[in-house]
Amino acid sequence: MSEMVSPGRATLLEIYRIANLIKRADDRLIELIKAGQIASPHYSPRGQELISAAVSVNLLPSDQVVTTYRGIHDQLAKGIPLKPFVAEFMGKATGTCKGKGGPMHITHLASGLPVTTGIVGAGLPIANGLAWSAQLRRTGQVTVCNFGDGATNIGAFHEALNLASVWKLPVVFVCQNNGYAEHTKYELGTSSRTIADRGIAYGMPGIEVDGNDAPAMWSAAHTAIERARAGEGPTLLDARTFRFRGHLLGDDSHYIPREEMARAVAADPLPRLRAWLIEQGHASDAALTDIERTNVAAFEEAVRFALDSPFPDVSELGKDVVAMEQA
Ligand SMILES: Cc1ncc(C[n+]2csc(CCOP(=O)(O)OP(=O)(O)O)c2C)c(N)n1
Ligand SMILES: [Mg+2]
């Protein structure tokens, strides 16, 4: 395999800043839902934030990211502006989609976030289309497509990997492999030993990586993104991770063996990265606390903005949507 590259200190701190912002956003949005201030299902990415943070610091603003219902980590990492992000989550008129997308469909073209889908596996062929367009127009843009382990059992995954490989599309497939699809454990629904194997089957590098290890994840993403940008084709990253808050808010994770959950919680990637940054001399405790405080303040300002914003007017119902004419 390609040589191992390492992120520098500034990159590691940026990964921590983004990951901590994601955690803050997730914690706060859950508080607001529980307080009845937001009416929405929520698919928490808690535990998976280092994947999006480590991928995104390798991307240019013009690169594109496709994500899913479990996508706030990918959106925040790509740099979506906080105020319209929270407003969209709340369905407010000041949101990135004028409140018509909601949490399942947060998109923001200017940030390189053209697609968030609730249909498992549906993002992959769309990511190919974005990548194909970039290839034809020679823009140099890379498309990163995020999805879960369960999505790799959908037909669209296989078609998309095949075509991306044949056409050497500038796309990076990031499987955020948290070991569960809804309540179904990996082994009960997925035949291959690893997701990485499935990339190899389609003639592209299939890379197993610890998605909870910032330098390892950064390095794997860096190699894959540079390969795509150089016109050498796609990569499938099998990023191992865990979701701490179940499939969606309210799920008590009863189907996850207690020891497995305890092991995962003990290895929570965020406090582990924090301790490691201090231990390695990359940052002081005070500097990291500063980053955390800045994130809290910025997110709170966005929450205030969103709470104070109006819902879309009824007159907006028929605008910006595709309507089929009835015969
Ligand atoms: C085509 C389709 N089938 C089924 C569902 C219902 N569904 C929503 S999420 C999900 C599990 C997907 O698991 P995975 O791809 O591992 O992603 P994770 O939720 O773990 O991030 C399922 C089956 C759906 N939304 N779309
Ligand atoms: Mg999963």
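So, here's what we can say about the structure. In this text the structure is predicted, and so the values were computed from the model without any measurement.

### Concerning the coordination of the magnesium ion (ligand 2)
Surrounding the magnesium ion (ligand 2) are the protein donor atoms Asp149 (OD), Asn178 (OD1) and Tyr180 (O), which sit 2.1 to 2.2 Å from the metal. For the magnesium ion (ligand 2), all donor residues lie on one chain, and their spacing in sequence is D-x28-N-x1-Y. Taken together, the residues span a long stretch of sequence, with aspartate 149 in the loop between strand 3 (143-148) and helix 6 (155-166) and asparagine 178 in the loop between strand 4 (171-177) and strand 5 (180-181) at a distance of 29 residues. The same class applies to aspartate 149 and to asparagine 178, which are both buried.

### Description of helix 10 (residues 258-266)
Where helix 10 is concerned, the buried positions are Glu260, Met261 and Ala264. Seen from one end, helix 10 has its buried residues packed into an arc of 95°, which puts them on one side. What points out from helix 10, more than 90 degrees from its buried face, is the exposed set Arg258, Glu259, Arg263 and Ala266.

### With respect to empty space enclosed by the protein
Counted under the stated rule, the structure contains two cavities of 30 Å³ or more. If you add up the space inside the largest cavity, you get close to 80 Å³. Every residue along the wall of the largest cavity is listed here: Pro41, His42, Tyr43, Thr68, Tyr69, Gly71, Ile72, Gln75, Phe89, Pro103 and Met104. Taken together, the residues of the lining of the largest cavity break down into seven nonpolar, four polar and no charged. Surrounding the second largest cavity, Ser52, Val55, Ser56, Leu59, Val65, Asp74, Ala77, Lys78, Val144 and Asn146 form its lining. At the level of elements, helix 2 (49-56), helix 3 (72-78) and strand 3 are the ones that each hand at least two residues to the lining of the second largest cavity.

### Observations regarding the pairing of strand 7 (residues 206-210)
Across a regular strand the side chains alternate sides, sitting on one face of the sheet and then on the other. Sheet topology note: the strand 7/strand 8 (residues 235-240) ladder contains five bridges and is parallel. Along strand 8, the bridge assignment pairs glutamate 208 with aspartate 238. Handedness of the crossover joining strand 7 and strand 8 through helix 9 (residues 214-229): right-handed.

### Notes on the sheet that holds strand 1 (residues 64-68)
Spatially, six strands are ordered 2-1-3-4-8-7 in an open sheet, and the strand pairing comes out parallel. Each edge of the open sheet is held by one strand with a lone partner, namely strand 2 (115-117) and strand 7. On average, each strand axis in the sheet is tilted by 20° relative to the strand beside it, whichever way the strands run. Along the sheet, helix 6 contacts strand 3, strand 4 and strand 8; its crossing angle with strand 4, the most-contacted strand, is approximately 145°.

### Things to note about helix 9
Here helix 9 is 16 residues long and its end C-alpha atoms lie 22 Å apart, about the 22 Å a rise of 1.5 Å per residue gives. If you check which residues of helix 9 are buried, you get Ala214, Met217, Trp218, Ser219, Ala220, Ala221, Ala224, Ile225 and Ala228. In the core, the buried residues of helix 9 are packed alongside helix 1 (9-34), helix 2, strand 4, strand 7, strand 8 and helix 11 (269-279). Between the side-chain oxygen at the start of helix 9 and the backbone nitrogen of alanine 216 there is a gap of 3.1 Å, and the oxygen is on aspartate 213.

### Side note on the site of ligand 1
If you check the shell around ligand 1, you find 14 residues, and the closest are Tyr69, Arg70, Gly118, Gly150 and Asn178. Aspartate 149 is positioned such that a nitrogen or oxygen atom in its side chain is 3.0 Å from an oxygen atom of ligand 1. Burial of ligand 1 by the protein chains amounts to 72% of its free accessible area of 580 Å². Residue classes in the shell around ligand 1 are distributed as six nonpolar, five polar and three charged.

### Notes on the packing of helix 1 against helix 11
Their axes nearest at 11 Å, the elements helix 1 and helix 11 cross at an angle of 150°. Considering the angle they form, helix 1 stands roughly antiparallel to helix 11. For the pair helix 1 and helix 11, the crossing hand works out as left-handed. Along its contact with helix 1, which presents Leu12, Leu13, Ile15, Tyr16, Ala19, Asn20 and Lys23, the element helix 11 presents Leu270, Leu273, Arg274, Trp276 and Leu277. The residue inventory of the contact of helix 1 with helix 11, partitioned by class, reads nine nonpolar, one polar and two charged.

Calculation rules
- Residues numbered from 1 in each chain as written.
- Chains lettered and ligands numbered in written order.
- Predicted model: local features only at pLDDT ≥ 70, side-chain atom pairs only at ≥ 80, totals over all residues.
- Heavy atoms only, no water.
- Donors = N, O, S within 2.8 Å, 3.2 Å for Na, K, Ca; no water.
- Helix = DSSP H or I, 4+ residues; strand = E, 2+ residues; numbered from the N terminus.
- Buried < 20%, exposed > 50% of the residue type's maximum accessible area, 1.4 Å probe, protein only.
- Arc of directions from axis to C-beta.
- 1 Å grid on protein atoms, 1.4 Å probe; cavity = no way out; pocket = protein on both sides within 12 Å on 5 of 7 lines; lining within 4 Å.
- Points joined across faces, edges and corners; volume = space filled by probe spheres on them.
- Nonpolar A, V, L, I, M, F, W, Y, C, P; charged D, E, K, R; others polar.
- Pairing = 2+ DSSP bridges.
- Right-handed = clockwise from strand over helix to strand, strands pointing away.
- Axes fitted to C-alpha atoms, helices over the stretch in contact; angles between N-to-C directions.
- Contact = heavy atoms within 4.5 Å.
- Expected span 1.5 Å × (residues − 1).
- Polar contact = N/O pair within 3.5 Å; in protein donor to acceptor, adjacent residues only side chain to side chain.
- Near = heavy atom within 4 Å.
- Areas by Shrake-Rupley, 256 points an atom, 1.4 Å probe, with all protein chains shown as cover.
- Parallel < 35°, antiparallel > 145°, perpendicular 65-115°, else oblique.
- Left-handed = near helix turned anticlockwise from the far one by under 90°.

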